[in-house]
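# Coordinates in review
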Amino acid sequence: MAIDIDIAHVARLARLGLTDEELEGYKSQLADILEHAARVQSLEGDPHPGSAHPLGFDNAFRDDERRPSLDREEVLSQAPEAMDGFFVAPPALETE
Amino acid sequence: MTARWEAVIGIEVHVELATDSKMFCGCAVEFGSEPNTNVCPVCLGLPGALPVPNRKAIEWIMAIGLALNCQVSHKSVFHRKNYFYADLPKNYQISQYDIPVCHDGYLDLPNDGESVRVGIERAHMEEDTGKSTHVGDGGRIHAAKSTLLDFNRSGVPLVEIVSKPDIRTATQARAYAQELRAIVLELGVSDARLEEGSMRFDANVSIRPEGSDVLGTKVEIKNMNSFRSLERAIDYEIQRQIEATGSDSDVIQETRHWDEEAGVTHSMRTKEGSSDYRYFIEPDLVPMIMDETWVATIRNKLPELPAQRRERYLGQGLDESSAGVLSDSPAMLRSLYDETVSLGADTRATANWLTGEVTAWLRKTGTEPADLRLEPVHLQELITIVDEGVVSSSAAKEVLEGILSGEGSARVVAERRDLIQISDSSALAEVIGHVLEEHPDAVASYQEGEQKVVGFLVGQVMRATQGKADPKLANEMLREALGGS
Amino acid sequence: MTLHEKTIVEAGRSLRSGEVTSEDLLDAVLLRASQTEAQLHAYLTLDKEGAREAAGQADADLADGIDRGPLHGIPIALKDNMCTRGVETTAASQILAGYVPPYDATVVTRLRDAGAVIVGKTNLDEFAMGSSTENSAYGPSFNPWDIGRIPGGSSGGSAAAVAAGSAFGALGSDTGGSIRQPASLTGIVGLKPTYGTVSRYGLIAFASSLDQIGPLSKSVEDAALTLEAIWGHDPLDATSYSAEYPDVPADLDTGVDGLKIGVIKELAGEGYEPAVESSVADMVQSLSEAGAEIVEVSLPTVDIALSAYYLVAPAEASANLARFDGIRYGLRVEGETTEELMARTRAEGFGPEVTRRILLGTYALSAGYYDAFYGQAQRVRVALRDDFARAYETVDALVSPTSPTVAFPAGEKIDDPLSMYLTDICTNPANLVGHPGISVPIGLDEQGLPIGFQVMAPALGERVLFRVAAEVERLAGFGARPVIEELAS
Ligand SMILES: [Mg+2]
Ligand SMILES: [Zn+2]
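Residues numbered from 1 in each chain as written. Chains lettered and ligands numbered in written order. Predicted model: local features only at pLDDT ≥ 70, side-chain atom pairs only at ≥ 80, totals over all residues. Heavy atoms only, no water.

For chain A, the count of helices and strands is three helices and two strands. When its helices and strands are written in sequence order, chain A yields α-α-α-β-β. Looking at chain A as a whole, 45% of its 96 residues are labelled buried. Accessible area for chain A stands at about 5200 Å²; split by element, carbon and sulfur atoms hold 45% of it. (Helix = DSSP H or I, 4+ residues; strand = E, 2+ residues; numbered from the N terminus. Buried < 20%, exposed > 50% of the residue type's maximum accessible area, 1.4 Å probe, protein only. Areas by Shrake-Rupley, 256 points an atom, 1.4 Å probe, with all protein chains shown as cover.)

Structure below.
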């Protein structure tokens, strides 16, 4: 099975800013791996299950109770950039 | 062009649930806290953290679904919806995909002569994102210099309710949104405050020639944060699409942003192009089984819903309008209505008092409905003495004030404040005699056929009695004294 | 026997007899680390201060008559993908360089409650993706048996530390064999418990439906004791199961007489190193002589299990690793827009194997390919589970080699992802179905490299699993310890 991969599109979906050269390399590796992985298609059968859990249990809930939140200073101490209690990021959209 | 257009509208509503803790962690659900104080490893998406669903949120979405006549799925699962955004900490949202908690319901809009039923496609459970504030030139998106991120809202339980495209006008859209809000408020599951974003709307709008059953190109409108702007935005968009159709600028499938100030929608296409959310079952969670017993428990706890209530009021003789107004009134007033009516008071009069004078008094004095002190028996008595003519309807308002200020029962207030009508004809006869004596001109005019002077004379009688005369009785007696009717 | 060579059970005995203190045990492993780290690079972080404090506390408690159980006072190492409050946790990735978590993983809390002394954080393949520990952003680990070879992976640092004696035991995580394979390649015991029995809260996720934390240790009994300390329901992990710890120790000496043991047909034959094949066959023979009934069983879906594994794991990983975006913690590479910042941060912060798997997983989930790849892989899991269920109708446990090969030379497979992936062929089926599996060392090949033997059991079948493993350990009589030439320093 020939595997068609729009590697630039995949990298964009995954937010990986790779160079063209890197993309080419990954593209051919992915093609090899996917060719092997495509063997899963030999199986015919049921629709896939609603859960991967081997013990097949359900309804794991918690009660609506509060637990202590984290200390803000400790949280923000790990942030690359913070200001006035906020995390800071560049603008969301490209300036037009 | 001969074609008449009709709009095809579907609404997506996001409702934040007012649980104590968030959807998947124990952080507080609270509006207005200091930024990033209600956060933990789970809702910040720290490495290694895992979600555990809040049972109450699931019960509440079941209640919403049942109130919207939905089926509750026997088994439901969470999916991951993958997209990158700075205010989405894990860069995926835990949401639902092909097996939502609730599906296939409907909502009947408050009846205005024609009955409109809006289908409900689904109601699913998800988590809210954090909040981005764009700062920079004018704070506008396109000129933003940076984004401040607060994750207090991240992980707040969010119910998304998707209607079928059964809505045809902006007015219906508004009615739908308002009815939904009334329902979630009745269920007590959300503050549903539009201005705080705890209830948010998106609308999908397309147009087609009237009578056609093809669907036109769909445009999604975002950023309407009041019922009024929902209505305006849809009206604007329908008009824009009608104008665009056939012209060079055909309608394209896109998302448009409602600009409240300018009163227009504008395109908010991003570089992203078509999205691919790569949904797959959330492997950190196990399936939810909503068996019949559980569903029945929730169903049995449902309160009377606005539509049922309006129906009941109509059955009690209220008209559409007062049934609607009363139904939307605070719970305290509604239970006062029920209790007063159960004492035998007239339903219309009771509803009028509560939605009229009592509501006005609450507003005027800034009293919370819950703090209202009004004995049903006092209201009933007030209605009775008005009906019996013991007090005039204008004096009755003063009596109500006295009751609400704690001065006692209706009769006691009326007496203490000296508001009892003079309905005794011998007492009135004396006053009338004096009035006629003092206004011979008026008497003469009447005798020349000038009927309307009776009104003037009644006014004089009222004045002479400081408003305590029964005006109806005064009128009758005056005419008699003036010589026939 | 020098102190660092003791098992947890032996060290605990010495501790309680008053022969040694917890501080002595800590000194022994730290000394050993100082002698071997230059060659092995088993650790990313040694928390000497924290460990010293915990050891002092353990000694004080014991003096006060407080005994927290078998792990009390025992120096244990943690794979660096388990969060430790206040101690750097990187998952061997550049993207988490310098990251200090504000909370402890549940297993960390449980170890502390059990009195264990946490020595430090061990090396791994970045985000546990790999089978050699060469994919660490901080440099590879090496095998104590031959420092020119890899220790296996991804829990290679934990395996090397335990095999070398720079920890008495360690925790690893196993997504497709990442505990069992390095244990096999370093001559120690490695256990992947039943999925859901050990909390994953605080384990930096690779593939959520496959990841499971478990012990690496010098003996089967040590593994059982460590498992007991970390086992059990955690309200912070919705996939964690509430099952009582099975009475494993009661069965450790029971032997295999009367048990039916299945040899998996699909995990034998071609592709296995001759020494591996013959040692495993010999052990099967010994088990038979010890009273087990040996049956050959076929699990046809095993043939495509690895393909399913290399779709499911990367797919889940692609979402799990999306959170590393340069906004809230970890590395940031600046950009004009959030999107640019994220793309640059992630391209810079992730190594090639992680990048490859993210791309693979993203592809397998993307529109138009989901059904053919991810969806189909999930079907394979169902079919595989059915295969195992059928097998367990007739047998009590299943056995196979742990790894088709012994430890391979560093660099040999690093540029050939597919051949690296094939080293998981015997171990990943247990992950796909969530069943427990354990690797027990059974001998050395002619080059002196360890060979591991895998035992598998049904979900929650830890008791029979350990019963067989303990017998394998007795029959193998594997007592060899690696000799590490100290580098002149
Ligand atoms: Mg949504
Ligand atoms: Zn939280």
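Now that the structure is up, let's keep going.
Okay, the interface of chain C and chain A next. The partner chain A presents 55 residues to the 69 residues of chain C that form the contact. The tally of links from chain C across to chain A stands at four salt bridges. Here Glu81 of chain A makes a salt bridge to Arg332 of chain C, at a shortest N to O gap of 3.2 Å. Where chain C meets chain A, there are 19 residue pairs in polar contact (both at pLDDT 80 or more). For the side of chain C that touches chain A, the elements supplying multiple residues, two or more each, are helix H10 (302-320), helix H11 (338-349), helix H12 (352-365), helix H13 (371-394) and helix H14 (417-421) of chain C. In terms of residues, the side of chain C that touches chain A owes the most to one element, H13 of chain C, which gives 12 residues. (Contact = heavy atoms within 4.5 Å. Salt bridge = Lys/Arg side-chain N within 4 Å of Asp/Glu carboxyl O. Polar contact = N/O pair within 3.5 Å; in protein donor to acceptor, adjacent residues only side chain to side chain.)

All names here are of chain B. For the zinc ion (ligand 2), the full set of protein donor atoms is Cys25 (SG), Cys27 (SG), Cys40 (SG) and Cys43 (SG), and the range of their distances to it is 2.3 to 2.4 Å. Around the zinc ion (ligand 2) sit four donor atoms; with metal-centred angles ranging over 100 to 117 degrees, the donor geometry is tetrahedral. Sequence spacing among the residues donating to the zinc ion (ligand 2) works out to C-x1-C-x12-C-x2-C. (Donors = N, O, S within 2.8 Å, 3.2 Å for Na, K, Ca; no water. Tetrahedral: all angles 85-135°; square planar, octahedral: opposite > 155°, others 65-115°.)

Looking now at the sheet that holds strand S4 (residues 79-82) of chain B. Residue and element names in this part refer to chain B. An order of S5-S4-S15 is seen for the three strands of this open sheet, with the pairing classed as antiparallel. The strands lining the two open edges of the sheet, one partner per strand, are strand S5 (92-95) and strand S15 (280-281). Note: S4 against S5, four bridges, orientation antiparallel. Looking across to S5, one finds that His79 is bridged to Ser95. (Pairing = 2+ DSSP bridges.)

All names here are of chain B. At a minimum axis separation of 10 Å, helix H14 (residues 453-464) and helix H15 (residues 471-481) run at an interaxial angle of 125 degrees. One finds that H14 runs oblique with respect to H15. Like other packed secondary-structure pairs, H14 and H15 cross with a definite hand, here right-handed. In this structure, H14 uses Val454, Leu457, Val458, Val461 and Met462 to contact H15, whose residues at the interface are Pro471, Ala474, Asn475, Leu478 and Arg479. Looking at side-chain class alone, the contact of H14 with H15 contains eight nonpolar, one polar and one charged residues. (Axes fitted to C-alpha atoms, helices over the stretch in contact; angles between N-to-C directions. Parallel < 35°, antiparallel > 145°, perpendicular 65-115°, else oblique. Left-handed = near helix turned anticlockwise from the far one by under 90°. Nonpolar A, V, L, I, M, F, W, Y, C, P; charged D, E, K, R; others polar.)

Moving on: the interface of chain B and chain C. The partner chain C presents 39 residues to the 32 residues of chain B that form the contact. In terms of surface lost to chain C, no three residues of chain B exceed Pro47, Leu50 and Phe280 of chain B, which account for 22% of the buried area on that side. Taken together, chain B and chain C are joined by one salt bridge. For Arg200 of chain C, the salt bridge identified is with Asp284 of chain B, shortest N-O distance 3.1 Å. The interface formed by chain B and chain C contains 14 residue pairs in polar contact (both at pLDDT 80 or more). For the side of chain B that touches chain C, a count of residues per class yields 22 nonpolar, four polar and six charged. (Buried area = accessible area lost by both parts, 1.4 Å probe.)

Time to look at a negative patch on the surface. A cluster of acidic residues, Asp20, Glu21, Glu22 and Glu24 of chain A, forms a negative patch on the protein surface. Judged by relative accessible area, which is 64%, Asp20 of chain A ranks as exposed. (Patch = residues over 30% accessible without salt bridge, like charges linked within 9 Å, V, L, I, M, F, W, Y side chains within 5 Å. Lys, Arg positive; Asp, Glu negative; His and termini not counted. Charge placed at Lys NZ, Arg CZ, Asp CG, Glu CD.)

Here the focus is helix H3 (residues 48-63) of chain C. Residues and elements named next belong to chain C. Here H3 is 16 residues long and its end C-alpha atoms lie 22 Å apart, about the 22 Å a rise of 1.5 Å per residue gives. Against helix H1 (8-16), helix H2 (22-40) and strand S3 (117-122) lie the buried residues of H3. Gly65 lies just past H3 and shows a positive phi near 85 degrees. (Expected span 1.5 Å × (residues − 1).)

In this section: the pairing of strand S6 (residues 102-108) of chain B. Residue and element names in this part refer to chain B. Relative to S6, strand S2 (residues 71-72) runs antiparallel, the two being bridged by two bridges. Each bridged residue has a counterpart across the sheet, and for Val72 the counterpart in S6 is Cys102. Direction of pairing for S6 relative to strand S7 (residues 117-127): antiparallel, over a ladder of six bridges. Directly across from His103, in S7, lies its bridge partner Arg122.

Turning to the nonpolar core, a few remarks are in order. Within the largest apolar cluster, 183 residues are counted, with the highest numbers of intra-cluster contacts made by Ile11, Ile58, Ile161, Tyr176 and Ile234 of chain B together with Phe127 and Leu398 of chain C. Here the element with the most residues in this core is H10 of chain C; it accounts for 13 residues. Beyond its immediate chain neighbours, meaning those up to four positions away, Ile234 of chain B contacts Ile9, Ile11, Ala170, Ala173, Ala203, Val205 and Ile221 of chain B. Counting residues in hydrophobic clusters, the runner-up holds 85 residues, among them Ala77, Val220, Leu227 and Ala457 of chain C. (Core = buried A, V, L, I, M, F, W, Y, C linked by side-chain atoms within 4.5 Å.)

Confidence in the prediction for chain A averages 88 pLDDT; 83% of positions are at 70 or higher. Looking at the elements of chain A, mean pLDDT is at its lowest for helix H2 (residues 20-37) of chain A, recorded as 95, and at its highest for helix H3 (residues 72-76) of chain A, recorded as 97. (pLDDT = per-residue confidence, 0-100.)

Considering the arrangement of structural elements, one finds Ser209 of chain C in the loop between strand S5 (189-192) and strand S6 (212-217). A polar contact is formed between the side chain of Ser209 of chain C and the side chain of Arg381 of chain C, at a distance of 2.8 Å.

All names here are of chain C. Read from one edge of the open sheet, 11 strands run S1-S3-S2-S4-S6-S5-S10-S11-S9-S7-S8, paired in mixed fashion. If you trace the sheet from one side to the other, it starts and ends with strand S1 (43-46) and strand S8 (293-297), each paired once. Adjacent strand axes in the sheet meet at a mean angle of 30 degrees when their direction is disregarded. Where strand S2 (residues 75-79) and S3 come together, five bridges link them in parallel fashion. By the bridge assignment, Ile76 is partnered in S3 with Ile118. On top of the sheet, helix H4 (residues 106-113) reaches S2, S3, strand S4 (169-174) and S6; it is set at about 180 degrees to S2, its chief contact.

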